[in-house]
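This is what each chain is made of:
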Amino acid sequence: MDMHVPAQAEAPRLLTDAQIRQFLANGYLVLQTALPKSFHDQVFQRFDDLIGADRHENPGNNLLPLVPEINAVFEDPVVRGALTSVLGPDYIMHPHRALHKNPPGSPIQNWHKDSYWGYMRRVRNHRPRWVMIMYYPQDTPAELGPTGVVPGSHLLAAGIQDPDALERNGSGPAGSVLMIHYDIWHRKMKNLTADKRFMMKFEFIRMAPVAAPAWPHRDPAWRAPEQAPSFAMEAAWKAHWRWLTDGTASGGAADPDALRAALAGAPAEAAAAMSTISDLGSSAAALVPALLPHLDGDDEALQLDAAYALGAIGAAALPALLQRVEADTRRDPEDGSNKSDSGRLTPKDCIALSSIYGLVEIGAPAVPELLRLLQNGAGRSRKFAAFALGEIAGTGSEVRDALIAAAGDSDPHLRIAAVEALGLKPADDAVVTALAGALDDADAEVRFDAVLGLARMGRAAAAAVPALGRVLTDDPNRYVRGYAVEALSRIGDDAAYRVLLPYLRLSRWCPMTTSASIF
């Protein structure tokens, strides 16, 4: 097998409107690569040689340089098309890679979301900025133990009642790929066979703001997918559809009394009313009071959808949403150990979190109050405000300066949110200087967000090359170093290459060298 499979010449096979809607609602897609069965068989054998049976040579993050032929999966037109459609053409691969095995009789895994640096430090992005690709080189029926997911759970923070009953699996023939939103609840299913099951997991990140749909977008209307999750959150799905398509609420007219009655009715009726309200926008302002019991309720899906419906209403909903964010004055545990996947969050804990997503949807009218909260709030409310200010585009120099100040705060959770937000802002001298300074932060997650922000800025971050050079050789965190490589590559000037190329020569990995063939 050629160890360096060339990139396939075929253009990316971009997703359809229907597939994008399905991904936004369910949080996953099952795809099939265009690669031949012989390729998957050889990859299976390579994985078996590494970690099959009693072998313990898992290369971890070195999987790609050790088995470079697997890059053909990511150059496959189906996979490239899906990643391009969801993340935009400028996406990059995260330096974390994982090779998993599920041997016969291995136990089922607990339901979980993947962590970043802990479960309570970062405010998770509902908008699709970060996805995972899970590739199976062998035929993977349900009884072989593929990855199980809870459709639609990527938007939910608290534990899900009876997730086993809602589970769907990523089964498929050899070469199948499960693309998931990073925050979906998932687990390894039990292998009920006598056969081996391997899976490799890679992560990919959006690098550029949405300028236009990255797939052949023909139908601007939101249409619920044929296979929708059991908990309907159409107000949220429509918001993310509008974000990816650069669209607006569809408008229209509806009977406010009928909507008010529906909001007071059964959960399905309330969810349908919220979907309608999200189309009506500001004309539904009179329904703000009828949405608030759901925002304060125990059903997290309805709570979150109410927040998005309120966000679609706009300025009239601002005081109610802001009040709930401002009231969360608790501090997060310093070690980030409060794990949502351990059932230690309740929907009541999520009220402020849900509300901040609503404020993001309000957009520019929310900025002055979010700025006040960032500067003068307490506890988690400041972190939430920083997150929202990063998600809202076109916020100007006053927000930039407030985020720069927050990036030097004593609270690491606030610094994480502020630095991430700065990395989403347009590059200028002040932002680049602040992010370069954050590369010296004591917290690894702050440094990671800083270097990712600089990578997003590309050539505009050229002034940060000396700081990136120090990170490249001295930072104790492998992912900070990994993104420094990406940042220098994307800056791409002579100064960046003078730093980058010597490092790459020294750190070169030889995929032909093994314990059986050391020279």
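Going along each chain's sequence as written, the residues are numbered from 1 onward. Local features in this predicted model are restricted to residues whose pLDDT is 70 or higher, and side-chain atom pairs enter the listing and the counts only when it is 80 or higher, whereas totals over whole chains, interfaces and linings include all residues. Derived side-chain values reflect all non-hydrogen atoms in the structure, with water molecules and hydrogen atoms excluded from consideration.

Student: Lay out the overall build of the protein chain with the relevant residues and their values.
Tutor: Strands here mean DSSP runs of E at least two residues long; helices mean DSSP runs of H or I at least four residues long; both are numbered from the N terminus. Of regular secondary structure, the protein chain possesses 22 helices and eight strands. The dimensions of the protein chain, computed from C-alpha atoms along their principal axes, are 75 × 50 × 45 Å. Accessibility here uses a 1.4 Å probe with only protein chains present; expressed as a share of the type maximum, an area under 20% marks a residue as buried, one over 50% as exposed, and anything in between as partly exposed. Counting across all 519 residues of the protein chain, residues that qualify as buried make up 59%. Between two residues, a contact is recorded if the distance between any of their heavy atoms is within 4.5 Å. Contacts spanning at least 24 positions in sequence make up 80% of the contacts within the protein chain whose residues lie at least 6 apart. Neither His nor the chain termini are counted; the positive set is Lys and Arg, and the negative set is Asp and Glu. By convention, charge coordinates are those of NZ in Lys, CZ in Arg, CG in Asp, or CD in Glu. Each charge sign in the protein chain was given a centre, from 50 positive and 61 negative side chains, and these centres are 3 Å apart.

Student: How would you explain unusual backbone geometry if you had to name every residue and give the values?
Tutor: Positive phi, close to 50°, is recorded for Asp-162, a residue that is not glycine. Secondary-structure assignment places Asp-162 in the loop between strand S4 (147-149) and helix H6 (163-166). If you check the backbone angles, Asp-246 has positive phi at about 55° while not being a glycine. Relative to the elements of secondary structure, Asp-246 occurs in the loop between helix H7 (234-245) and helix H8 (256-263).

Student: Describe in detail the sheet that holds strand S3 (residues 130-136), supporting the description with residues and values.
Tutor: Any two strands between which DSSP finds at least two bridges are classified as paired. Taken in spatial order, the five strands make up an open sheet running S1-S6-S3-S8-S2, and their pairing is antiparallel. Whereas interior strands pair on both sides, the edge strands pair on one side only; in this sheet they are strand S1 (28-32) and strand S2 (92-101). On average, adjacent strands in this sheet sit at an angle of 20° to one another, irrespective of strand direction. As judged from the seven bridges shared by S2 and strand S8 (residues 198-205), these two strands associate in the antiparallel manner. Paired with Met-93 across the strands is Phe-204, a residue of S8. Only the stretch in contact is used when a helix axis is fitted, and all axes are lines through C-alpha atoms; the angle between N-to-C directions ranges over 0 to 180 degrees. Those strands touched by helix H1 (residues 17-26) are S1, S3 and strand S6 (176-181), and its axis lies near 135° from that of S1.

Student: Kindly report on the packing of helix H17 (residues 412-423) against helix H18 (residues 429-438), identifying the contributing residues and their values.
Tutor: In the contact formed by H17 and H18, the axes pass within 10 Å of each other and the chain directions differ by 140°. One way to sum up the angle between H17 and H18 is to call them oblique. In terms of crossing hand, the pair formed by H17 and H18 is left-handed. Residues Val-419, Leu-422 and Gly-423 of H17 touch H18, and the partners they reach there are Val-431, Ala-434, Leu-435 and Ala-438. Split into classes, the residues belonging to the contact of H17 with H18 amount to six nonpolar, one polar and no charged. Orientation labels follow simple angle bins: below 35 degrees gives roughly parallel, above 145 gives roughly antiparallel, 65 to 115 gives roughly perpendicular, and whatever is left gives oblique. In this scheme the crossing of two helices becomes right-handed for a clockwise turn of the near helix relative to the far one and left-handed for an anticlockwise turn of less than a right angle. Charged means Asp, Glu, Lys or Arg here, nonpolar means Ala, Val, Leu, Ile, Met, Phe, Trp, Tyr, Cys or Pro, and polar covers whatever is left, Gly included.

Student: Report on the sheet that holds S4, specifying residues and quantitative values.
Tutor: The strands that make up a sheet pair up through hydrogen bonds in the backbone, lying either parallel or antiparallel. Here we have three strands laid out as an open sheet, ordered S5-S4-S7, and antiparallel in their pairing. Strand pairing shows two members of the sheet lacking a second neighbour, strand S5 (168-169) and strand S7 (186-188), which therefore form its edges. Looking at chain direction, S4 and S7 are connected through three bridges and run antiparallel. Bridge assignment links Thr-147 to a residue of S7, and that residue is Lys-188.

Student: Can you tell me about a nonpolar patch on the surface, naming the residues and giving the values?
Tutor: Only residues whose relative accessible area exceeds 30% and that form no salt bridge are eligible for patches; like-charged ones are grouped when within 9 Å, while nonpolar side chains (Val, Leu, Ile, Met, Phe, Trp, Tyr) are grouped when within 5 Å. Shrake-Rupley sampling with a 1.4 Å probe provides the accessible areas, and residues are treated as covered by the protein chains on show and by no other component. By salt bridge we mean one thing: a side-chain nitrogen of Lys or Arg within 4 Å of a carboxyl oxygen of Asp or Glu. A cluster of nonpolar side chains, namely Tyr-497, Leu-501 and Leu-504, defines an oily patch on the protein surface of about 240 Å² accessible area. Relative to the elements of secondary structure, Leu-501 occurs in helix H22 (residues 494-506). Accessibility expressed as a relative area gives 41% for Leu-501, which makes it partly exposed.

Student: Describe the pairing of S6, and please don't skip the residues or the numbers.
Tutor: Burial of S6 is extensive: six of the six residues sit out of reach of the surface. Across five bridges, the pairing between S1 and S6 is antiparallel. Within the sheet, the bridge partner assigned to Leu-31 lies in S6 and is Val-177. Relative to S6, S3 is paired through six bridges, and the arrangement is antiparallel.

Student: Kindly report on the pattern of salt bridges, identifying the contributing residues and their values.
Tutor: With the rule as written, the count across this model stands at 31 salt bridges. Here Arg-13 and Glu-10 are joined by a salt bridge, their closest N and O atoms 2.6 Å apart. On the basis of relative accessibility, which here comes to 41%, the residue Arg-13 falls in the partly exposed class. Across the salt bridge formed by Glu-391 and Arg-129, the nearest N and O atoms sit 3.1 Å from each other. With a gap of 262 residues between them, Glu-391 in helix H15 (residues 380-391) and Arg-129 in the loop between S2 and S3 connect regions that are remote in the sequence. In this pair, the class of Glu-391 matches that of Arg-129, namely buried.

Student: Help me get a handle on the side chain of Asp-279, residues and values and all.
Tutor: With respect to the element layout, Asp-279 can be found in helix H9 (residues 267-280). Residue classification places Asp-279 among the buried residues on the basis of a relative accessible area of 18%. When sequence neighbours within four positions are dropped, the list of residues in contact with Asp-279 reads Lys-238, Ala-249, Ser-250 and Gly-251.

Student: Would you mind going over helix H14 (residues 367-376) in detail, with residue names and values included?
Tutor: Side chains of residues three or four places apart in an α-helix project in the same direction, reflecting 3.6 residues per turn. Every buried residue of H14 is listed here: Val-367, Leu-370, Leu-371, Leu-373 and Leu-374. Down the axis of H14, the buried set is contained in an arc of 160°. They therefore lie on one face. Looking at H14, the residues exposed on the side facing more than 90 degrees away from the buried face are Pro-368 and Asn-376. For H14, the secondary structure elements touched by its buried residues are helix H12 (318-326), helix H13 (351-362), H15, helix H16 (396-406) and H17. This arc is built from the directions going out from the helix axis to the C-beta atoms.

Student: Report on the packing of aromatic side chains, specifying residues and quantitative values.
Tutor: Only centres within 6.5 Å qualify two rings of Phe, Tyr or Trp (six-membered ring in Trp) as a pair; their planes then separate them into stacked at under 30 degrees, edge-to-face at over 60, and tilted for everything else. Counted under the stated rule, the structure contains 13 aromatic pairs. For the pair Trp-215 and Trp-241, a centre-to-centre distance of 6.1 Å together with 45° between the ring planes defines the contact as tilted. Highlighted residues: Trp-215 in the loop between S8 and H7 and Trp-241 in helix H7, separated in sequence by 26 residues. Accessibility classification places Trp-215 together with Trp-241 in one group, the buried group. Ring centres of Trp-222 and Trp-237 lie 6.2 Å apart, and the angle between their planes is 45°; this geometry places the pair in the tilted category. Within this pair, whereas Trp-222 is found in the loop between S8 and H7, its partner Trp-237 is found in helix H7, the two being separated by 15 residues in sequence. For the pair Trp-222 and Trp-237, one class covers both residues: buried. Within the aromatic cluster, the residues linked to one another by ring pairs are Phe-74, Tyr-91, Phe-202 and Phe-204.

Student: Tell me about the nonpolar core, residues and numbers included.
Tutor: Membership of the largest hydrophobic core comes to 170 residues, with the highest contact counts inside it found for Met-179, Met-200, Phe-204, Ile-356, Leu-359 and Leu-468. Of the residues forming this core, the biggest block, nine residues, is contributed by helix H11 (residues 300-313). Among residues more than four places away in sequence, those in contact with Phe-204 are Phe-74, Leu-83, Leu-87, Tyr-91, Ile-92, Met-93, His-94, Arg-129, Trp-130, Val-131 and Ile-133. What makes a nonpolar core is a set of buried Ala, Val, Leu, Ile, Met, Phe, Trp, Tyr and Cys residues whose side-chain atoms join them at distances within 4.5 Å.

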